[in-house]
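What the coordinates show
So you can see what is in the structure, the chains are spelled out below.
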Amino acid sequence: MKLESKVPGGPIAQSWDKYRFDMKLINPANKRKYKVLVVGTGLAGASAAATMAELGYNVEAFTYHDSARRAHSIAAQGGINAAKNYQNDGDSVWRLFYDTVKGGDFRAREHNVYRLAQVSTNIIDQCVAQGVPFAREYGGTLSNRSFGGAQVSRTFYARGQTGQQLLLGAYSALMRMVGANKVKMHVRKEMLDVVVIDGVARGIVTRDLVSGKIESHVGDAVVLATGGYGNVFFLSTNAQACNVTSTYRAYKKGAAFANPCFTQIHPTCIPVSGDYQSKLTLMSESLRNDGRIWVPKKAGDKRRPEDIPENERDYYLERKYPSFGNLSPRDISSRAAKQVCDEGRGVGASGYGVYLDFADAIKRLGKSAIEERYGNLFEMYERITGDDPYQTPMRIYPASHYTMGGLWVDYNLMSTIPGLHVIGEANFSDHGANRLGASALMQGLADGYFVIPYTIGHYFANAALDRSIDINHAEFKKAEEDAKNRISTLLSIKGKRTPTSFHRELGKIVWDKAGMGRNEKGLKEALQQIPQIREEFWSNVNVTGENSDVNIALEKALRVADFLEFAEVLVWDALERDESCGAHFREEHQTEDGEAKRNDQDFAHVAAWEYQGVDKKPVRHVEPLEFENVHLTVRSYK
């Protein structure tokens, strides 16, 4: 396997523009000859499908929801970054580029990140033209707020529902193309496999979630836009249906999986309240603009927050990181919260929580101003916990959230399988070892609107595709048969445990051994425990119902089966990366004050894993990272 990044040479500020000019084009009439299969209809998938259809390609889009509007992109609440410098506070494309590379702890590819920062300004114009209701100042100009890891205000937002509003914009563009018969929508269809013929991705196999029918779909290229794998931890901020299946199946067919151990822990989630929970709720990072985070100075202090005087409170982020304070990056803020809780100073019944307090902001700005900025978030918190954040501080604690790892892609967003492109959270390309807040929406729309529509044309112009291939090809039939056999095996086991019970057991191991803190002993223990759970799963799982009908238990079992294999890849990656960087915190490698300690000499690279078999260790390949524009330095937010 060769990892050819295809990064352009020359000055980075001109590289994307020159690269686009150098790419081969396809004239509008010839674009109608090509079909693109887009799997996933979140921000990345919807924007890509709509834009490619606008250009003239024939597009088929797939979602396991009943509507593209239900994609998990709606859960991104706080905002979207763009280097517009509307606040005149010193922002620029270069500063956004620098903040993103630094925020990712120097583990991202420079040229991809610069391109992301460069096209960010176009994204806002595109969304405004679609009617996305961004917040505005009194004079009508677009408003901005700050997010973690930045000292400028560059985050555009629509109250606490930015992801939903952006998705509605992309959805409207997508449905316009559906109406024009340029996009064929497949709803309630889950991808179970990618079909590779003569080394080239030529289609997918899906299961109809209503009828259970296994179907093949052929195309000239496949674009995966299926999000991340954060639910490998079981409890996460992701919707329960979010899974690793599409990217993991592509990995098993030859696509390299890059940096799977780079999984982000978000510091601003409602704490776990009991074993009955199936997911966690994210409170937007935007709240850290006006909320102050603190715990009691004394361990074991169980007084109500209003009874703890100011001089007995530890605003630990403001104390440890005075330059960034409560807007310190997510990985650093998460570990700081874990540290004070491990010291016995956590709040709430479990002791695993810290306060997010708005008293000062309400006093300074007034309740109405806070309500205007965060009203729906405050309402959501009160509905879940029963506490009124206007009267008493929120309680928050870190939880699994975003995944920076994903399928390896080159500068064209193509995987190691020719014809298989990967966009949005499903790829690894832009965020390094830690994603800055409000950059997920930015990457999804950048990939979908402004990158893949160009690069896929370049692929078609250079590819010698066999146009005679259809769904009757032997590889399609084999993939269908494999999917049917997997399903029939699961239904025939008739064991005593539910798929969810196995998922919960796996998630606890991965969280304990490869969560916020990792060490060699724990990771090696996980590598022994995960195969044991997997073995029991295939002998003792109980999947009720039939395949010929709606069967949520079967859907869950198929996804858990993939998590049980993928978790091992994640742990191998965490074990082999013998350094601390960003969200990957190896406890053996930390400074005296508990910060991550990188090893640039040995690990300034991307680790890309090649599948060898279920019970075999995958092969680790390396793409060296070169930093010509941002010098490698100790990452400091003090």
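Now for a look at the structure at hand.

With 23 residues, helix α12 (residues 440-462) should cover 33 Å at 1.5 Å per step; its first-to-last C-alpha distance of 31 Å lies within 8% of that length. Roughly 50° is the biggest bend found in α12, and it falls at V451, with proline P453 one to four residues downstream. In terms of burial, α12 is largely enclosed, as 19 of its 23 residues are buried.

Bringing unusual backbone geometry into the picture now. Negative phi values dominate among residues other than glycine, just as trans dominates among peptide bonds. Phi is positive for R159, which is not a glycine, with a value near 50°. Mapped onto the fold, R159 is located in the loop between β4 (155-156) and α6 (162-179). Among the residues examined, R159 registers a relative accessible area of 37% and is labelled partly exposed.

Generally speaking, soluble globular proteins have nonpolar side chains that are buried together. Within the largest apolar cluster, 154 residues are counted, with the highest numbers of intra-cluster contacts made by I80 and F460. For this core, the leading source of residues is helix α16 (residues 552-576), giving 15 residues. Formed by 31 residues, the second largest nonpolar core is a distinct cluster that contains F324, L356, Y374 and Y381.

Turning our attention to the environment of Y321. Structurally, the position occupied by Y321 is in the loop between α8 (316-320) and α9 (330-342). For the pair Y321 and G10, spaced 311 residues apart in sequence, the C-alpha to C-alpha distance is 37 Å. Excluding anything up to four places from it in sequence, Y321 contacts S328, I332, E595, Y637 and K638.

Below, the discussion takes up a nonpolar patch on the surface. There is a patch of nonpolar side chains on the surface, built from V210, V550 and I552 and spanning about 270 Å² of accessible area. I552 sits in the exposed class, given a relative accessible area of 61%.

Below, the discussion takes up the packing of helix α3 (residues 43-55) against α6. Direction vectors running N to C along α3 and α6 enclose 35°, while the axes themselves pass 8 Å from each other. For the element pair α3 and α6, the recorded crossing hand is left-handed. Judged by residue contacts, L43, A46, S47, A49, A50, A53 and E54 of α3 engage L166, L167, A170, A173, L174, R176 and M177 from α6. Per-class residue counts for the contact of α3 with α6 are 11 nonpolar, 1 polar and 2 charged.

Turning to the packing of aromatic side chains, a few remarks are in order. Taken as a whole, this structure holds 32 aromatic pairs when the rule is applied. Ring geometry for F106 against F627: centres 6.1 Å apart, planes inclined by 75°, an arrangement best described as edge-to-face. Here the residue F106 occupies a position in the loop between α4 (93-103) and α5 (110-130), and F627 occupies one in the segment after β19 (619-624), the gap between them amounting to 521 residues. For F627, a relative accessible area of 14% translates into the label buried. Feature note: the residues Y229, Y248, Y251, F257, F566 and Y611 constitute an aromatic cluster, connected by ring pairs. Sitting over the face of the ring of Y637, K102 holds its NZ or CZ atom 4.3 Å from the ring centroid. Here the basic side chain of R467 rests over the ring of Y34, its NZ or CZ set 5.0 Å away from the ring centre.

Look at helix α15 (residues 520-540) against α16: their axes get within 9 Å of each other, and the N-to-C directions meet at 160°. As summarised for this structure, α15 and α16 are arranged roughly antiparallel, according to the angle between their axes. In this structure, α15 meets α16 at a crossing whose hand is left-handed. Counting all contacts with α15, which are made through E520, L523, K524, A526, L527, I530, P531, I533, R534, F537 and W538, the residues of α16 involved are A557, V560, A561, L564, E565, A567, E568, V571, W572, A574 and L575. Here the residues of the contact of α15 with α16 are counted per class, giving 17 nonpolar, no polar and 5 charged.

Now for the sheet that holds strand β5 (residues 183-186). Strands sit in the order β5-β2-β1-β9-β17 across an open sheet of 5 strands; the sheet is parallel. Bordering the open sheet on either side are β5 and β17 (420-422), each of which pairs with just one other strand. The sheet shows a mean angle of 20° between the axes of neighbouring strands, direction not considered. Across 5 bridges, strand β1 (residues 35-39) lies against strand β2 (residues 58-62) in parallel orientation. Note that in β2 the partner of V36 across the bridge is V59. Contacting β1, β9 (221-224) and β17, α12 runs over the sheet at an angle of about 155° to β9.

The α-helix advances 3.6 residues per turn, and as a result positions three or four apart in sequence lie on the same side. The end-to-end C-alpha distance of α16 is 36 Å, a good match for the 36 Å that 25 residues give at a rise of 1.5 Å each. By the largest-angle criterion, E565 marks the main kink of α16, which is about 25°. The backbone nitrogen of A553 has a side-chain oxygen 3.2 Å away, supplied by the residue at the start of α16, namely N551.

Summed over all chains, the structure comprises 0 disulfides. Here C242 stays unpaired: no disulfide links it, and the sulfur of C269, its closest cysteine neighbor, is 14 Å away. Judged by its relative accessible area of 12%, C242 falls in the buried class. Here C261 stays unpaired: no disulfide links it, and the sulfur of C581, its closest cysteine neighbor, is 6.7 Å away.

Calculation notes
Residues numbered from 1 in each chain as written. Predicted model: local features only at pLDDT ≥ 70, side-chain atom pairs only at ≥ 80, totals over all residues. Heavy atoms only, no water. Helix = DSSP H or I, 4+ residues; strand = E, 2+ residues; numbered from the N terminus. Expected span 1.5 Å × (residues − 1). Bend = angle between axes of the 7 residues up to and from the residue. Buried < 20%, exposed > 50% of the residue type's maximum accessible area, 1.4 Å probe, protein only. Core = buried A, V, L, I, M, F, W, Y, C linked by side-chain atoms within 4.5 Å. Contact = heavy atoms within 4.5 Å. Patch = residues over 30% accessible without salt bridge, like charges linked within 9 Å, V, L, I, M, F, W, Y side chains within 5 Å. Areas by Shrake-Rupley, 256 points an atom, 1.4 Å probe, with all protein chains shown as cover. Salt bridge = Lys/Arg side-chain N within 4 Å of Asp/Glu carboxyl O. Axes fitted to C-alpha atoms, helices over the stretch in contact; angles between N-to-C directions. Left-handed = near helix turned anticlockwise from the far one by under 90°. Nonpolar A, V, L, I, M, F, W, Y, C, P; charged D, E, K, R; others polar. Phe/Tyr/Trp six-rings, centres within 6.5 Å; stacked < 30°, edge-to-face > 60°. Lys NZ or Arg CZ within 6 Å of the ring centre and 35° of its normal. Parallel < 35°, antiparallel > 145°, perpendicular 65-115°, else oblique. Pairing = 2+ DSSP bridges. Polar contact = N/O pair within 3.5 Å; in protein donor to acceptor, adjacent residues only side chain to side chain. Disulfide = S-S within 2.5 Å.

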